[in-house]
Amino acid sequence: MAKKTKVATQSLIKRKIKNSESHINLVSLAADINHIFTQNKLSAADQTRVKKTIQLLDLGQIRVAEKNADQVWQTNEWIKKAILLYFRTQEMKVIHAGDLQFFDKIPTKKWAKDSKVRVVPHAIARYGSHIENGAVLMPSYINIGARVGEGTMIDTWTTVGSCAQVGAHCHISGGVGLGGVLEPLQATPVIVEDYAFLGSRVIVVEGVIVREGAVLGAGVTLTSSTKIIDVSESQPRELKGEIPKNSVVIPGSQFKKFPAGEYAVNCALIIGKRKESTDKKTSLNATLREFNISV
Ligand SMILES: CC(C)(COP(=O)(O)OP(=O)(O)OC[C@H]1O[C@@H](n2cnc3c(N)ncnc32)[C@H](O)[C@@H]1OP(=O)(O)O)[C@@H](O)C(=O)NCCC(=O)NCCS
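Worth saying up front: this structure is predicted, and the values here are computed from it rather than measured.

**Brief notes about the overall build of the protein**
Part 1 of the argument: Each helix and strand in the protein was counted, giving six helices and 28 strands.
Part 2 of the argument: Looking at the protein as a whole, 47% of its 295 residues are labelled buried.
Part 3 of the argument: By sequence separation, contacts in the protein at least 24 residues apart represent 42% of the contacts at least 6 residues apart.
Part 4 of the argument: Element-wise, carbon and sulfur atoms account for 52% of the exposed surface of the protein, whose accessible area totals about 15300 Å².

**A word on empty space enclosed by the protein**
Part 1 of the argument: Under the definition given, this model contains one cavity of 30 Å³ or more.
Part 2 of the argument: Along its surface, the largest cavity is lined by Leu57, Ile62, Arg63, Gly128, Ser129, His130, Gly145, Ala146, Arg147 and Gln165.
Part 3 of the argument: No fewer than three residues from each of domain 1 (6–89) and domain 2 (106–290) sit in the lining of the largest cavity.

**Some words on the layout of surface pockets**
The rolling of a water-molecule-sized probe over the atoms marks out the regions of remaining empty space.
Part 1 of the argument: Put simply, the largest pocket is a space of about 450 Å³.
Part 2 of the argument: Around the largest pocket, the lining is made up of 20 residues, and of these Ala97, Phe102, Thr108, Ala123 and Ile124 lie nearest the centre.
Part 3 of the argument: For the lining of the largest pocket, the elements supplying multiple residues, two or more each, are β5 (93–97), β6 (100–104) and β8 (124–125).
Part 4 of the argument: Broken down by class, the residue content of the lining of the largest pocket amounts to 13 nonpolar, three polar and four charged.

**Examining the site of the ligand**
Part 1 of the argument: Residues in contact with the ligand amount to 15 residues; listed here are only the nearest, Ser200, Ala218, Lys275, Thr278 and Lys281.
Part 2 of the argument: One of the side-chain nitrogen or oxygen atoms of Lys275 is found 3.0 Å away from an oxygen atom of the ligand.
Part 3 of the argument: Between Thr278 and the ligand, the recorded distance is 2.8 Å, taken from a side-chain N or O atom to an oxygen atom.
Part 4 of the argument: When the ligand sits alone it has 910 Å² of accessible area, and the protein chains cover 52% of it.
Part 5 of the argument: Secondary structure elements with two or more residues in the shell around the ligand: β27 (247–258) and α5 (276–282).
Part 6 of the argument: Of all the elements, α5 adds the most residues to the shell around the ligand, at three residues.
Part 7 of the argument: Split into classes, the residues belonging to the shell around the ligand amount to six nonpolar, six polar and three charged.

Criteria and thresholds
Residues numbered from 1 in each chain as written. Predicted model: local features only at pLDDT ≥ 70, side-chain atom pairs only at ≥ 80, totals over all residues. Heavy atoms only, no water. Helix = DSSP H or I, 4+ residues; strand = E, 2+ residues; numbered from the N terminus. Buried < 20%, exposed > 50% of the residue type's maximum accessible area, 1.4 Å probe, protein only. Contact = heavy atoms within 4.5 Å. Areas by Shrake-Rupley, 256 points an atom, 1.4 Å probe, with all protein chains shown as cover. 1 Å grid on protein atoms, 1.4 Å probe; cavity = no way out; pocket = protein on both sides within 12 Å on 5 of 7 lines; lining within 4 Å. Points joined across faces, edges and corners; volume = space filled by probe spheres on them. Domains from an automatic or database assignment. Nonpolar A, V, L, I, M, F, W, Y, C, P; charged D, E, K, R; others polar. Near = heavy atom within 4 Å. Polar contact = N/O pair within 3.5 Å; in protein donor to acceptor, adjacent residues only side chain to side chain.

Scope: geometric values only; no functional claims are made or implied.
Structure representation (structure tokens):
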């Protein structure tokens, strides 16, 4: 195993995790994963370390990104490395789902009667993602390393890409695409904070952060290059990569000069803050989130 290396000061790896088997020292696990990542061949012990990391991720005991003590989102790069290594430890095999058959390396999560998550057929969450209690997965896809918070609704045909982090009590509407970021390694995951509402067919990629309570109107597309223009005051204010708390955002366009002439390009407009009428349009229906109630 690797000798302990100095790992970034992440709140996560400073603490020890207690699980049913043992106390796991995350500092040493992170150091091991960083070392294993540099190796061409993985020993049996290396594979065990990698699989242990993915198990902790699956159980929600560690996460790819989290807020540090200063409330700034930090990516735990070693966990992303462990995910990439995990692909190397797994063999392709046939996976059955009733009459359906698949061929892949990573198993899907298994749900039981006492799972505190409602999973509507055919929602698929890959092993190594973590879904908190009270979340509802309509037929959607959650990739490895992603995390979905308590009470959040992931509506039909939404894709939550690898390592994307969705907070608690969010509504992620039908057909939303949250980008995945396994590669490049330095890429930061898409983050959607608590109580955000993402309208139908919203796209958020390339590590954009949607802050708490923000409302993205249907069809908003946000990449790290998309200009986000706050038009709610007398002067426009331009932002990139982040939607401020409680902002209401709609799709927009602005003119841009190119050698061939002037064309309208996509942008996102912040038209104000959430108000009562917005809340009415985006309010969550508790009935849809209760368990043991058929809707
Ligand atoms: C963003 C949204 C929530 C509206 O927010 P709101 O704060 O209530 O905004 P308002 O309706 O008061 O609109 C303010 C202005 O912006 C305009 N506007 C609002 N949403 C717009 C949109 N998506 N596209 C273009 N213009 C929009 C309105 O026409 C209005 O203009 P006006 O003042 O000239 O009349 C709504 O447009 C939206 O996209 N909802 C998502 C619906 C959805 O996807 N549901 C999923 C169901 S599963």
